[in-house]
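Below are the chains, spelled out letter by letter.
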Amino acid sequence: MYIDTPTINIAALFLLLLAVPWATGLLYTGFLPEERRGCLLSWVSGYIILWGLFEIIALPLIFQRKSLSLLCIIYGGATCLLVAAALILNWRNLAPAAKGAARSLKRITPVGWGNILLVLGQAYMYAKYMHIDEDDAFYVGAASTAVATDTIFSVNPYTGAEYGNLPSRYVLSPFFSFVAFLSRMGKVHPAITAHVVLAAALVLVSYGIYALIAKKLFPDNRKYAEYFLFFLILIIMFSGYTVYTQGMFTLVRIWQGKAVFCGILVPMVCLMALQLFSGQAAWADWCLTFLLMCACCMVSSMGIMLGAIMLGTFGIVYAARERNLKLLAYTVLCCLPNLVCAGIYLLVR
């Protein structure tokens, strides 16, 4: 089925990873003030919504030992409904959004175009070359096993034997099942899906979040924001002095769940904290943050606690500074997925 995967399948899957998250993200940006809306924010937030939704749908199916086919039907159907709802609710905003994106492109300076070329070059390296990582024996192996056996998390990718008891370290973070879902839907081999298609898309997502952080830090000075992003790109490119840097996770193995947490979700938590505790947060921001915590649980077991710790620390600091317990209460509510997953971990351990 996946032998000699046609290039058109790979291209189609990559285009879906561009279009579907953007459309889904309209459910978030459509409820924001007009000055905060943008195609980049829609695209990035779309991934958060999709990952958070995947965690909510996949976990019950995993514990019930359901098939990958059932997961694809339920999650794929839910995604289609979200995209349809987003387009219906925001169809009047599509033309203004396109015009705004065109105006933004016209205002890009030479430094900004240099940033775009550097980021696209890094995405091309993922698509052209391959890094062999020992952890793929589990992560990519688990995705390949799920596709081959039509299971979600029932077969050990190391031995091919069925699990007796679900391993507590991985069962709550089924990011590899998301890779298997993409592979099944796009009819692209799981290894190609992870190493080529998803990796190239995720490195763009990572830098998209950094660009939004730069815009948030320098709202009135586009030049400073572009230079901030330029120097950040350089830092990431030259961070290969150890395998534990954020740059190494971003540029070498971002298709793995823990690398997604380090390279994408950690910056996203910082971005949302800047917005949530600025005094200008909308209710949609809190809803997205709740799904962001679900996404942290979905990609990695360490994201279950570290995501909540990061957001909780921001919440405590800002609640103390503003003397506003409501901020702390909202933060705790957003961290409920992490607390629930931590409780399940203690039970199944």
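Rules used throughout
Residues numbered from 1 in each chain as written. Predicted model: local features only at pLDDT ≥ 70, side-chain atom pairs only at ≥ 80, totals over all residues. Heavy atoms only, no water. Helix = DSSP H or I, 4+ residues; strand = E, 2+ residues; numbered from the N terminus. Rg over C-alpha atoms; globule rule 2.2 N^0.38 Å. Buried < 20%, exposed > 50% of the residue type's maximum accessible area, 1.4 Å probe, protein only. Contact = heavy atoms within 4.5 Å. Areas by Shrake-Rupley, 256 points an atom, 1.4 Å probe, with all protein chains shown as cover. Lys, Arg positive; Asp, Glu negative; His and termini not counted. Charge placed at Lys NZ, Arg CZ, Asp CG, Glu CD. Salt bridge = Lys/Arg side-chain N within 4 Å of Asp/Glu carboxyl O. Axes fitted to C-alpha atoms, helices over the stretch in contact; angles between N-to-C directions. Parallel < 35°, antiparallel > 145°, perpendicular 65-115°, else oblique. Nonpolar A, V, L, I, M, F, W, Y, C, P; charged D, E, K, R; others polar. Expected span 1.5 Å × (residues − 1). Bend = angle between axes of the 7 residues up to and from the residue. Arc of directions from axis to C-beta. Polar contact = N/O pair within 3.5 Å; in protein donor to acceptor, adjacent residues only side chain to side chain. Phe/Tyr/Trp six-rings, centres within 6.5 Å; stacked < 30°, edge-to-face > 60°.

Caption draft 1: Summary view of the overall build of the chain. When its secondary structure is counted, the chain shows 15 helices and zero strands. Taking 20 Å as the expected radius of gyration for a compact globule of 349 residues, we find that the chain reaches 20 Å, a close match to that expectation. Structurally, the chain occupies a C-alpha span of about 60 × 50 × 50 Å along its principal axes. Within the chain, the proportion of its 349 residues that are buried is 52%. Pairs at least 24 residues apart make up 73% of the contacts formed inside the chain by residues separated by at least 6 positions. Working note: accessible area of the chain is about 16700 Å², and carbon and sulfur atoms make up 69% of it. Distance between charge centres in the chain, computed from 23 positive and 14 negative side chains, equals 8 Å.

Caption draft 2: View of the pattern of salt bridges. Following the criterion strictly, the structure yields seven salt bridges and no others. One salt bridge connects Asp 135 with Arg 253, and the closest N-O pair in it is separated by 3.1 Å. You can see Asp 135 sitting in the loop between helix H4 (110–128) and helix H5 (139–149) and its partner Arg 253 sitting in the loop between helix H10 (246–252) and helix H11 (257–276), a full 118 residues away along the chain. Relative accessible area serves as the criterion here: at 26%, Asp 135 is assigned to the partly exposed category. A salt bridge links Arg 184 to Asp 150; its shortest N-O distance comes to 3.4 Å. Of this pair, Arg 184 sits in helix H7 (residues 175–186) while Asp 150 sits in the loop between H5 and helix H6 (168–171); the two residues are 34 residues apart in sequence, bridging distant segments of the chain. Classification of Arg 184 as buried rests on a relative accessible area of 18%. You can call Asp 150 partly exposed: its relative accessible area is 28%. Among the ionic contacts, a cluster of salt bridges with common partners joins Asp 133, Asp 135, Arg 253 and Lys 258.

Caption draft 3: Focus on the side chain of Ser 206. As for its position among the elements, Ser 206 is in helix H8 (residues 190–217). When its relative accessible area of 0% is taken as the criterion, Ser 206 is described as buried. The contacts of Ser 206, once residues within four sequence positions are left out, are Thr 250, Ile 254, Gly 263 and Ile 264.

Caption draft 4: Structural context of unusual backbone geometry. At Arg 65, a position not held by glycine, the phi torsion is positive, near 55°. Looking at where Arg 65 falls in the secondary structure, it is placed in the loop between helix H2 (39–63) and helix H3 (68–106). One non-glycine residue with positive phi stands out, namely Asp 150, at about 55°.

Caption draft 5: Representation of the packing of helix H1 (residues 7–29) against H2. H2 packs onto H1 with a crossing angle of 95° between their chain directions and a minimal axis gap of 6 Å. As judged from the angle between their axes, H1 and H2 are roughly perpendicular. Two secondary-structure elements touch here, H1 through Leu 17, Leu 18, Val 20, Pro 21, Trp 22, Thr 24, Gly 25, Leu 26, Tyr 28 and Thr 29 and H2 through Cys 39, Leu 41, Ser 42, Trp 43, Ser 45, Gly 46, Tyr 47, Ile 49 and Leu 50. Here the contact of H1 with H2 is built from residues that sort into 13 nonpolar, six polar and no charged.

Caption draft 6: Representation of H3 within the structure. Over its 39 residues, H3 extends only 45 Å from the first C-alpha to the last, a length that falls short of the 57 Å expected when each residue adds 1.5 Å. If you look at H3, its biggest bend is around 75°, right at Trp 91. Buried residues of H3: Leu 68, Leu 71, Cys 72, Tyr 75, Gly 76, Ala 78, Thr 79, Val 83, Ala 86, Asn 90 and Gly 100, and no others.

Caption draft 7: Expanded view of helix H14 (residues 325–334). Every buried residue of H14 is listed here: Leu 327, Thr 331 and Cys 334. The arc that holds every buried residue of H14, seen down its axis, measures 60°, which confines them to one face. Sitting at the amino-terminal end of H14 is Asn 324, which places a side-chain oxygen 2.9 Å from the backbone nitrogen of Lys 326.

Caption draft 8: How the structure looks around the packing of aromatic side chains. Taken as a whole and assessed by the stated rule, the structure comprises 26 aromatic pairs. With 5.4 Å between their ring centres and 55° between their planes, Phe 31 and Trp 283 make a pair best called tilted. In this pair, Phe 31 sits in the loop between H1 and H2 while Trp 283 sits in helix H12 (residues 283–299), placing the two residues 252 residues apart along the sequence. Take Phe 31: its relative accessible area is 43%, and that puts it in the partly exposed class. Within the aromatic cluster, the residues linked to one another by ring pairs are Trp 43, Tyr 47, Trp 51, Phe 54, Tyr 75, Phe 175, Phe 178 and Phe 181.

Caption draft 9: The arrangement of the environment of Lys 216 in detail. Checked against the element boundaries, Lys 216 lands in helix H8. Residue classification places Lys 216 among the partly exposed positions, given a relative accessible area of 29%. Linking Lys 216 and Leu 271, residues 55 residues apart in sequence, is a C-alpha distance of 7.9 Å. Non-local contacts of Lys 216, meaning those with residues more than four positions away in its chain, are made with Leu 271, Leu 274 and Gln 275.

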